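Commentary on secondary and tertiary structure
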Amino acid sequence: MARTHGSKGEETAKRIDEVALKLFAKKGYAAVSMREIALEVGVQAGALYNHCPNKQALLTNLLADHMQALLDAWGEMELPKDPAQQLETFVRFHIQYHLKRPDQVFISYMELRNLEPDNFKKIEALRRQYEAIPKNILAAGQMAGQFNLADTHVAAMAILAQLTGVTTWYREQGRLSQQKIEDIYVQLVCQSVGITLSGGH
């Protein structure tokens, strides 16, 4: 019988992803076994393979789903035409999206090394698509004479590293609100490309 939307099989598959994500983020990919995942999910180890052929495929799917969801979310954004305002929009989007998903962000960076070559290429292609977003914004700003950059690729990669790093130290009950942190990062990023945004940033 074919599985229907909301079926037990789909619920189990979703639970497997949730458990694998939690365990990979907590213990590391190499330290987690399929048997441990099955135990946490509450199914027999053999049943796990009905949903995913092996641990490598499970990791690849988690990373691919994260990157595709990130790209889709950005694709739904309404962007201003001005490159400086686009840059501010990107900074806020990146921080907001990633702070909601610390485990996904963690394994997306820490577990790339555990991907087999073909799987690495698949994830790297998705990452390149996302990296192209700030690169294109910076290139447009540079062409318009708004930004002052020695190299747009290096600048884009530095900005991405800076923004993603927020997930390693941000605490919801910390001294600064998320909004204030976004404001500070907008200012830092804009200053790094040689502009000052209006509106008090």
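Note that this is a predicted model, so its numbers are computed, not measured.

Our focus in this paragraph is the overall build of the chain. Across its full length, the chain holds ten helices and zero strands. Ordered by position from the N terminus, the helices and strands of the chain form the series α-α-α-α-α-α-α-α-α-α. Considering only contacts in the chain between residues 6 or more positions apart, those separated by 24 or more positions represent 66%. Carbon together with sulfur atoms contributes 51% to the accessible area of the chain, which is approximately 11,500 Å² in total. Between the centroid of the 22 positive side chains of the chain and the centroid of its 22 negative side chains there is a distance of 5 Å.

All right, on to the UniProt feature "DNA-binding region" (unreviewed entry) in the chain then. In the numbering used here, UniProt assigns the "DNA-binding region" (unreviewed entry) feature to residues 33-52. In residues 33-52, helix accounts for 60% and strand for 0%; the two terminal C-alpha atoms are 13 Å from one another.

When you line up the elements, Thr-60 lands in helix H4 (residues 55-75). Note on Thr-60: relative accessible area 3%, which makes it buried. What Thr-60 contacts, discounting residues up to four positions off in sequence, is Leu-115, Asn-119, Lys-122 and Ile-123.

As annotated in UniProt, the feature "domain: HTH tetR-type" (unreviewed entry) corresponds to residues 10-70 in the numbering used here. Annotation note: span residues 10-70, helix share 75%, strand share 0%, distance between end C-alpha atoms 22 Å.

Our focus in this paragraph is the packing of aromatic side chains. For the coordinates displayed, the defined rule picks out five aromatic pairs. These aromatic residues form a ring-pair network of at least three members: Trp-74, Phe-90, Phe-93, Tyr-97 and Tyr-130. Here the basic side chain of Lys-55 rests over the ring of Tyr-29, its NZ or CZ set 4.3 Å away from the ring centre. The positively charged end of Arg-101 is found above the aromatic ring belonging to Tyr-97, 3.6 Å away from the centroid.

Our next topic: the pattern of salt bridges. Under the counting rule described, the total for this entry stands at eight salt bridges. Between Arg-92 and Glu-88 there is a salt bridge, with the nearest N and O atoms lying 3.1 Å from each other. Taken as a pair, Arg-92 and Glu-88 lie in helix H5 (residues 83-99) at a separation of four residues, close to a single helical turn. Comparing Arg-92 with Glu-88 shows no difference in burial state: the two are buried. The salt bridge involving Arg-92 is made with Glu-182; its shortest N-O contact spans 3.2 Å. Of this pair, Arg-92 sits in helix H5 while Glu-182 is found in helix H10 (residues 178-192), placing the two residues 90 residues apart along the sequence. For the pair shown, Arg-92 and Glu-182 are each scored as buried. The network of salt bridges with common partners includes Glu-88, Arg-92, Glu-182 and Asp-183.

Another aspect to go through is a nonpolar patch on the surface. The grouping of Phe-106, Tyr-109 and Met-110 at the surface amounts to a nonpolar patch, some 280 Å² of accessible area in total. Positionally, Met-110 belongs in helix H6 (residues 102-110).

As a further point, take helix H8 (residues 152-164). Compared with an ideal rise of 1.5 Å per residue, which puts 13 residues at 18 Å, H8 spans 18 Å between its outermost C-alpha atoms and is within 8% of the ideal. Within the span of H8, buried status applies to Ala-155, Ala-156, Ile-159, Leu-160, Leu-163 and Thr-164. Viewed along the axis of H8, the buried residues span an arc of 155 degrees, placing them on a single side of the element. Exposed and oriented more than 90 degrees from the buried face of H8 are Val-154 and Ala-161. In this structure, the buried side of H8 is in contact with H5, H6, helix H7 (117-143), helix H9 (166-169) and H10. A side-chain oxygen of the first residue of H8 lies 3.0 Å from the backbone nitrogen of His-153; this N-cap is Asp-151.

What counts, and where the lines are drawn
Residues numbered from 1 in each chain as written. Predicted model: local features only at pLDDT ≥ 70, side-chain atom pairs only at ≥ 80, totals over all residues. Heavy atoms only, no water. Helix = DSSP H or I, 4+ residues; strand = E, 2+ residues; numbered from the N terminus. Contact = heavy atoms within 4.5 Å. Areas by Shrake-Rupley, 256 points an atom, 1.4 Å probe, with all protein chains shown as cover. Lys, Arg positive; Asp, Glu negative; His and termini not counted. Charge placed at Lys NZ, Arg CZ, Asp CG, Glu CD. UniProt positions renumbered as here; feature names shortened; annotations may be inferred. Buried < 20%, exposed > 50% of the residue type's maximum accessible area, 1.4 Å probe, protein only. Phe/Tyr/Trp six-rings, centres within 6.5 Å; stacked < 30°, edge-to-face > 60°. Lys NZ or Arg CZ within 6 Å of the ring centre and 35° of its normal. Salt bridge = Lys/Arg side-chain N within 4 Å of Asp/Glu carboxyl O. Patch = residues over 30% accessible without salt bridge, like charges linked within 9 Å, V, L, I, M, F, W, Y side chains within 5 Å. Expected span 1.5 Å × (residues − 1). Arc of directions from axis to C-beta. Polar contact = N/O pair within 3.5 Å; in protein donor to acceptor, adjacent residues only side chain to side chain.

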